[in-house]
Amino acid sequence: MSLSSDSEDEQQLPGQQDEEWEEWDGDEEEDDAARSLFCDLVLPSPEAAFEYDATHYGFDIRQFKIERRLDDYDTIRVINFIRCEVAGGRDPLPALVASAQQQQGAAAAPWAGDEYLTPSLQDDALITYDYDEQQQLGQELEQLGISSSQGASSSAAAAAAAAAAGSSDATGSSQQLGRQLAALSAENHELKLRLAALMDAALPAEVREEVRAAAAADTAAGAGSAAAAAGSAGAGPSVRAVEAAAAAAAAAGGTSALGPAVGLGAAAAAAAVDAQYFDSYSGFDIHHEMLSDKPRTEAYRDALTLNPGLMKGARLLDVGCGTGILCMFGAQGGAASVVGLDGSARIANCARQVVAANKLDAASGGPISIVEGRVEAVEGIGHDKVDVIVSEWMGYALLFESMLDSLLEARDRWLAPGGALLPDLASIHVAGASRAAFGTSFWQDVYGFSMQPIADELAAAAAAREAQVVVRPVDPSCLTTPALQVHTMDLATMSAAQQDFTAHFTLSASSAALVSSSEAGEAASSSSSSGDSIEVAALVLWFDVEFSARFCKEHPVTLSTSPHAPVTHWAQALLPLASPVTLGPGQSLSCRLSMARSRARHRSLDISLEVSGPGGMKAARIYSMEVSSISTGSSSGNK
């Protein structure tokens, strides 16, 4: 899904209807094509995909849902778990079988994480399928004495029974499938070779060897996974026969039946995104934008120059140094040695020239040196350990672009015990906002004339689009609820996994409250002392980072991107609701917000929002922020 800019013709306004805003009981047509859960085969309908998976892999998600008593959200999690495992070259069947053998609630299922609420496959027909309606129809047919061969469990049971009995038909089917897989594998192998040649010519030299190594490792792991699956005791006999044939095909063609083309595909896709990411910072427009962001740049300057107790004589590392401005602030603050690390070859070379022009390079007797490379790939930085690491890693909604992973990797590799991380604290905040937050109020009074039809057309266009995050400055007057802090991170001690989170909270005109997971299921009923109704058309996200007194004892600094603070290039991130919600006195909006690094799209951020409000209103929406959708001029910065 693309990320909207704040230009007038691209502003997003929630409309009155949105086919994606559902109570997970959408009205998608049942004959939409659907992809198998275990391979890339596309079937003409979800039912055909269910039958194919039951016959060839011994697994039917419909029957699994019934046996495990899964609700709609857990069903979505299972589907995305399977797709993520397959995309990673891993066999999900052992985990599914083990889970099915456990008693209900005996242990946390491997798909229990909220990251699996985000679709791994766009427009996944198996997610939007109405399982409850089909189950009810099947029960009604049984009551009438009508047996359907398309039942949720008939094909899986028949396949398992035939395989267990050693049926010659099942054996012949498996052998035929094995031959088909071998032929497909050979064709796939040839396509992979062609793709590899194209990537070899297109990828930058600095990532080419890394892609080749990752591809070789992933392909070997995929083949090993298929071989292991062939002998797995958790799979039925027919599944083992199919997997054995697939393993043989993989040995000949270099691919796994449970992870087709994951070797070159996953590694190359991630490397291509990284190449695009670093290339987006190789131009000067984005650096002009970030350097012109006075709240951002001055916050870093003050932290580095007004804390001599921290900086004097220190060894400083700037992760993502860009043009070198933070390196020069560090030298100005008294650092004895400064290393700037950047993944863009062009910008790293530019930083060297800038540092030399200011006579702060080693040749001029200065403390600054620039190293080109990624944190994860560079062999060294000239120091075993440093005393201070500084980085401007924050993206839209704080976590977009996943640069925090690189910062934490640098912290673990090079920060000396007791060393300082700048900034060291981060938090995410949220508030409700009216439709005015999208800037459409402009059309209501244009030189004394109403141009409301244009605003209405923008609203209709927004309703027809996929869920998009809108990045634009929000005037504080557009906020209709108090702000609430929903997530905090201590960068000095956190793990990478702790940036992914789920928060439960309620919003109303007079109050905002963070609630525990156990309280989240209760009806929202916080009282409001206001007699006026309010409108919530979107949730507004922003972040603060702190250079706290833990490290900056002489001069702590807070950088805020709140609507109440001076505007920064990050602006705010809006999550549009499909249609505005009106809250009267005593009413509130109960929300469940999840943010996680995308498992399917490298450097992308997945956001899911569930809300419930007055009159039993319940809805859910999934948003995505992808690095490929961000133009250079509007990208978040780390330089």
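Quick caveat, the model's predicted, so the values are computed rather than measured.

Can you help me understand the overall build of the chain in this one?
When you go through the chain residue by residue, the secondary structure sums to 19 helices and 18 strands. Here the chain holds 639 residues, and 51% of them are scored as buried. Considering only contacts in the chain between residues 6 or more positions apart, those separated by 24 or more positions represent 75%. Working note: accessible area of the chain is about 27,000 Å², and carbon and sulfur atoms make up 52% of it.

Got a minute to help me understand the sheet that holds strand β7 (residues 415-422) in this structure?
Spatially, β5-β4-β3-β6-β7 is the arrangement adopted by the five strands of the open sheet, whose pairing is parallel. Every other strand in the sheet has two partners, leaving β5 (368-372) and β7 as the edge strands with one partner each. Each neighbouring strand pair of the sheet contributes to a mean axis angle of 25°, computed without reference to strand direction. Packed on one face of the sheet, helix α16 (residues 345-357) meets β4 (337-342) and β5 and runs near 170° to β5. The strands touched by helix α17 (residues 403-414) are β3 (315-319), β4, β6 (386-390) and β7; relative to β7, the strand with the most contacts, the crossing angle is about 150°.

Please explain the pairing of β3 as it appears in this structure.
Residues in a regular strand point their side chains to alternate faces of the sheet. Within β3, four of the five residues are buried, which leaves the element mostly enclosed by the surrounding structure. Where β3 meets β4, five bridges bridge the pair, whose relative direction is parallel. Counterpart to L317 in the pairing with β4 is V339. Of the crossover connections in this fold, the one passing from β3 over helix α15 (residues 325-332) to the parallel β4 is right-handed. Summarising the sheet, β3 and β6 pair through three bridges and their orientation is parallel. If you follow D318 over to β6, its bridge partner there is V390.

In this structure, what is going on with the environment of A426? I would like to understand it.
With respect to the secondary-structure elements, A426 resides in strand β8 (residues 425-433). Relative accessible area serves as the criterion here: at 5%, A426 is assigned to the buried category. Sequence-wise, A426 and T488 are 62 residues apart; in three dimensions their C-alpha atoms are separated by 5.7 Å. If sequence neighbours within four positions are ignored, A426 has contacts with W393, L398, H487, T488, M489, D544 and V545.

Explain the packing of aromatic side chains to me, please; I cannot follow it from the model alone.
Two numbers describe a pair of aromatic rings. These are the distance of the centres and the angle of the planes. Applying the stated criterion to the full structure yields 14 aromatic pairs. Considering the side-chain rings of Y129 and Y131, the 4.9 Å spacing of their centres and the 75° angle between planes classify their relative orientation as edge-to-face. Across the pair, exposure class does not vary: Y129 and Y131 are buried alike. An aromatic cluster is defined as three or more aromatic residues linked by ring pairs; in this entry it consists of F38, Y52, Y57, F59, F64, F81, W111 and Y116.

Explain the environment of C327 to me, please; I cannot follow it from the model alone.
In this fold, C327 is placed in helix α15. Put simply, C327 and S369 are 42 residues apart on the chain and 9.0 Å apart in space, counted from C-alpha to C-alpha. Those residues in contact with C327, other than ones at most four positions away along the chain, are D318, C321, V338, V339, G340, I368 and I370.

Could you clarify how one ought to interpret the nonpolar core in this entry?
In this structure, W393, L398, L399, F505, L539 and M595 are the most contacted members of the largest nonpolar core, which totals 94 residues. Of the residues forming this core, the biggest block, seven residues, is contributed by strand β13 (residues 534-547). Composition of this core by domain shows at least three residues from each of domain 2 (280-392) and domain 3 (425-515 + 532-548 + 558-625).

Any chance you could explain the side chain of D114 here in plain terms?
Tracing the backbone through its elements, the reader meets D114 in the loop between α4 (93-101) and α5 (125-128). Of the polar contacts made by the side chain of D114, one reaches the side chain of R77; its length is 2.9 Å. Apart from residues no more than four positions distant in its own chain, D114 is found in contact with R77, T502, R592 and S594.

The rules behind each value
Residues numbered from 1 in each chain as written. Predicted model: local features only at pLDDT ≥ 70, side-chain atom pairs only at ≥ 80, totals over all residues. Heavy atoms only, no water. Helix = DSSP H or I, 4+ residues; strand = E, 2+ residues; numbered from the N terminus. Buried < 20%, exposed > 50% of the residue type's maximum accessible area, 1.4 Å probe, protein only. Contact = heavy atoms within 4.5 Å. Areas by Shrake-Rupley, 256 points an atom, 1.4 Å probe, with all protein chains shown as cover. Pairing = 2+ DSSP bridges. Axes fitted to C-alpha atoms, helices over the stretch in contact; angles between N-to-C directions. Right-handed = clockwise from strand over helix to strand, strands pointing away. Phe/Tyr/Trp six-rings, centres within 6.5 Å; stacked < 30°, edge-to-face > 60°. Core = buried A, V, L, I, M, F, W, Y, C linked by side-chain atoms within 4.5 Å. Domains from an automatic or database assignment. Polar contact = N/O pair within 3.5 Å; in protein donor to acceptor, adjacent residues only side chain to side chain.

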